[in-house]
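Summary of structural features
Residue-level listing of the chains:
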Amino acid sequence: MIKPLDTVLAQFPRERQWLLPALQAVQHAHGWLSEDALTQVAAHLRVPATEVYGVATHFPELHLAPHGRHHVRVCTGVSCALLGGRQLLAKLTQRFDAAPGASGADREVTLEAADCFFACSMAPAIEVDGEYRGRVSESQLADLESWFSHRRRHGSPSPMLAMESAVPKATASARAALADLATLAHAKRGFGIRVIVQTGTCGRSVGADTLLEPLRAGINERGLDADLIEGACNGMCYAAPLVEIVTPESTRFVVERLQRARVPALLDALAGEPATWPAAGMIPLATHPFFKSQHRVLLARAGAVDPDSLDDALVHGAYSTLARALDGSPDDVIAQVKASGLQGRGGAFFPTALKWEACRKAAGEPKYMVMNGEEGEPGIFKDRHLMEGDPHQILEGVLLAAYAAGASRAILYIHGEADLSAQRLNWAVVEARAATLVGERVLGSSFRCEVEIRRGAGGFVLGEETALLESIEGRRAQPRTRPPFPVEAGLWGRPTVINNVETLSAIPTIVARGGAAFAALGTSSAPGTKVFGISGPVRRPGVVETKNGVTLNQLLRDLAGGSLDGRPLKGALVGGPSGSVVPATLFDVAMEPRGRVSPGTGGIVAVPAGASIIDIVKTLLAFNARESCGKCTPCREGLPRLLALLDEGDSEQKIRELGETIQLASLCGLGQAAPIAVQKGFESFGDELRARR
């Protein structure tokens, strides 16, 4: 039953900051945003109707027209395109006689070309009635109707509002309070085998969640001393559906591409002697080729813990760093992060500790800490694995950052389509709040920090800090002129720190082990480790973590197993629409910020021989043109014109000159970085681009 609009809106205070959540909630309930809905939202929040319309038309995930009874989206981003995504869209267009982008509630099926589902390791991917399907082949489209569903509506779910904090008990120290929590967690923990079904977004797209019922039934039938856990991906996306087995001695095994028919044999092996386990497909993780060349710090617990259990996180050491920090000084936390040399992992590489220090010294209260989990850059999907796999590690990093920066409020800003990330982080906050890890007097200390979840609604420009702040305040996501910088005047004019998910995930380890130890894992210009999402036509697409200074050959050949079909790789797209295609001649160059090959935000798409570089460049440029917020003329007008010059086969000089103008004159990083793919394309693949006519 569809809720009346006034019922949907009643949950929101009558303040402008709730504009985006209110629009999302209405769309979630009704499927789209009608003129009447926009008018009622405006009246309820006391925001001018013109401005409500401006916000509703600004975010890509908000719809002002209804979809059909069933809605199918096909990813046509670079990873999916290289593996047949556009052919899937063409087949569906022909089959349903439906032009992509056409709307109408009277239609049985509507189609949409999507820029990215951020599940690139499962390419080619489609979404049917809100459910992702990965590794889709043309033959599977014949049975597409079996994927139709009436269980979900289109759009982001309702926002998760703050809840009351528990009353903290008096303790001698934060460490003592945490010790009490950890003791209870250990007491509740079983001593048997842990069977962890890796049901991240990637695994679910190929049916990992359908293994839960037969595994549960089989464990009960055999009377096995085993706990079945709905877990997260450990990075081996290529091997999904994947099950990880953890013994009481904490030895980890994996079973790759497990199907329901193989479940009985696996459980029979678990009921027998360990010597029989290899015959059932159980591979020791420590010797697995996918893991041998990695150095896993941020991903250490991914796949091995229950992401929905605070108890499990505590058993694995979560929040111990926070407790020690709370018994010391915020300056100590800043000092360790400064010693680590940690640079922001969102692509700008700004020193993390300097942000915190500046915010702490800035005048004004309250201060805010914002986690940017928008991750709206096609080809980038590593942050979602971190959020899905180890939400308590991220939350601990957020709390440490807030403590260091002097913030008393934290907002976890998560992409509107990253539902599983939002669900798991929201539950982590709920459990943490009940355990006095969030709220007033954290772990009995004087530190207080309330945490709130906010959802984005698409928009690559949200990677720019001030545009993200504008969206939280209930406006179109457009960059502010700087200075002042957010650490001086951010949310509602108050000092605000904004950090990327991967950046915050690194904080607990840095503070626990010492900044120097983390710095030593990388190079002098790129300290620490880096998480990458590898996709495209390679044998082992997935998420990996290595020491900084890694090369593309190490990532694509050694870890990802090389080309899927044996073709040599002519290049690799590094960094999504803000990056460029790096030629194979640079595959042995160490990846360092501002070096010859930069790691960017951590997305690597393999480009095989025979692939069209001009098609890739145009895909990236077209995305940037669509995603321009429209605030500044060079980006708004220049990017479509630059794309047209490429299509028209205009002179290289004219294209380069326009690109340089856009780069120099644009207000924010979107426009400044958008021409890079074109410029680098001419440098590395000039003959191919010049022959584009």
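Scroll up a little and you will see the structure.
Attention here is on the structure that accompanies the text. (Residues numbered from 1 in each chain as written. Predicted model: local features only at pLDDT ≥ 70, side-chain atom pairs only at ≥ 80, totals over all residues. Heavy atoms only, no water.)

**What about the nonpolar core?**
Tyr319, Trp356, Met371 and Leu443 are the most contacted members of the largest nonpolar core, which has 74 residues in total. Take this core: its biggest share by element is ten residues, from helix 17 (residues 391–405). Excluding anything up to four places from it in sequence, Met371 contacts Met387, Ile394, Val398, Ile411, Leu412, Tyr413, Ile414, Leu425, Asn499, Val501 and Leu504. Among the nonpolar cores identified, the runner-up in size contains 72 residues, and Leu5, Phe460, Ala467 and Leu469 belong to it. (Core = buried A, V, L, I, M, F, W, Y, C linked by side-chain atoms within 4.5 Å. Buried < 20%, exposed > 50% of the residue type's maximum accessible area, 1.4 Å probe, protein only. Helix = DSSP H or I, 4+ residues; strand = E, 2+ residues; numbered from the N terminus. Contact = heavy atoms within 4.5 Å.)

**Looking at the pattern of salt bridges**
Summed over the entire model, instances satisfying the criterion amount to 43 salt bridges. Glu357 is the salt-bridge partner of Lys338, the closest N and O atoms lying 3.0 Å from each other. A residue pair is termed long-range when its members are at least 10 positions apart, and Lys338 in helix 14 (residues 330–340) and Glu357 in helix 15 (residues 352–361) qualify at 19 residues. Measuring nitrogen to oxygen at the nearest pair gives 2.9 Å for the salt bridge that ties Glu473 to Arg475. (Salt bridge = Lys/Arg side-chain N within 4 Å of Asp/Glu carboxyl O.)

**Structural notes on helix 10 (residues 263–271)**
Residues Val263, Leu266, Leu267, Ala269 and Leu270 constitute the buried set of helix 10. All buried residues of helix 10 project into a common sector of 155° when viewed along the axis, lining one side. Buried-residue contacts for helix 10 involve strand 5 (193–198), helix 9 (212–222), strand 7 (243–246), strand 8 (252–255) and strand 9 (282–284). (Arc of directions from axis to C-beta.)

**A closer look at the packing of aromatic side chains**
Throughout the structure, instances matching the rule amount to eight aromatic pairs. Relative to Trp18, the ring of Phe12 lies with its centre 6.4 Å away and its plane at 40°, an arrangement referred to as tilted. The class for Trp18 is buried, based on a relative accessible area of 9%. With centroids separated by 5.5 Å and ring planes inclined at 55°, the aromatic side chains of Tyr368 and Trp492 adopt a geometry described as tilted. Separated by 124 residues along the polypeptide, Tyr368 in strand 10 (residues 368–373) and Trp492 in the loop between helix 19 (465–472) and strand 13 (496–500) bring together distant segments of the chain. Given the relative accessible area of 33%, Trp492 is considered partly exposed. Cluster of aromatic residues (ring-pair linked, three or more members): Tyr238, Phe290 and Phe291. (Phe/Tyr/Trp six-rings, centres within 6.5 Å; stacked < 30°, edge-to-face > 60°.)

**Let's talk about the side chain of His288**
Along the chain, the position of His288 falls in the loop between strand 9 and helix 11 (289–292). For His288, the side chain forms a polar contact with the side chain of Glu256, separated by 2.6 Å. (Polar contact = N/O pair within 3.5 Å; in protein donor to acceptor, adjacent residues only side chain to side chain.)

**Description of the pairing of strand 17 (residues 580–583)**
Moving residue by residue along a regular strand, the side chains alternate between the two faces of the sheet. The sheet contact formed by strand 16 (residues 569–574) and strand 17 spans four bridges and is antiparallel. Counted as the bridge partner of Ala572 is Val582 from strand 17. Joining the antiparallel neighbours strand 16 and strand 17 is a turn of five residues, in which Gly575 adopts a positive phi near 95°. (Pairing = 2+ DSSP bridges.)

**Focus on the sheet that holds strand 3 (residues 126–128)**
To summarise the sheet geometry, strands pair through backbone hydrogen bonds and adopt either a parallel or an antiparallel arrangement. Read across the sheet, four strands follow the order 2-1-3-4 without closing on themselves; strand pairing throughout is mixed. With one partner strand each, in any of the chains shown, strand 2 (109–114) and strand 4 (131–133) form the two edges of the open sheet. On average, each strand axis in the sheet is inclined to that of its neighbour by 25°, with strand direction left out of account. Both strand 3 and strand 4 contribute to a ladder of three bridges, which runs antiparallel. Within the sheet, the bridge partner assigned to Ile126 lies in strand 4 and is Arg133. Set on the sheet, helix 6 (residues 85–96) makes contact with strand 1 (70–75), strand 2 and strand 3; between it and strand 1 the angle comes to about 150°. (Axes fitted to C-alpha atoms, helices over the stretch in contact; angles between N-to-C directions.)

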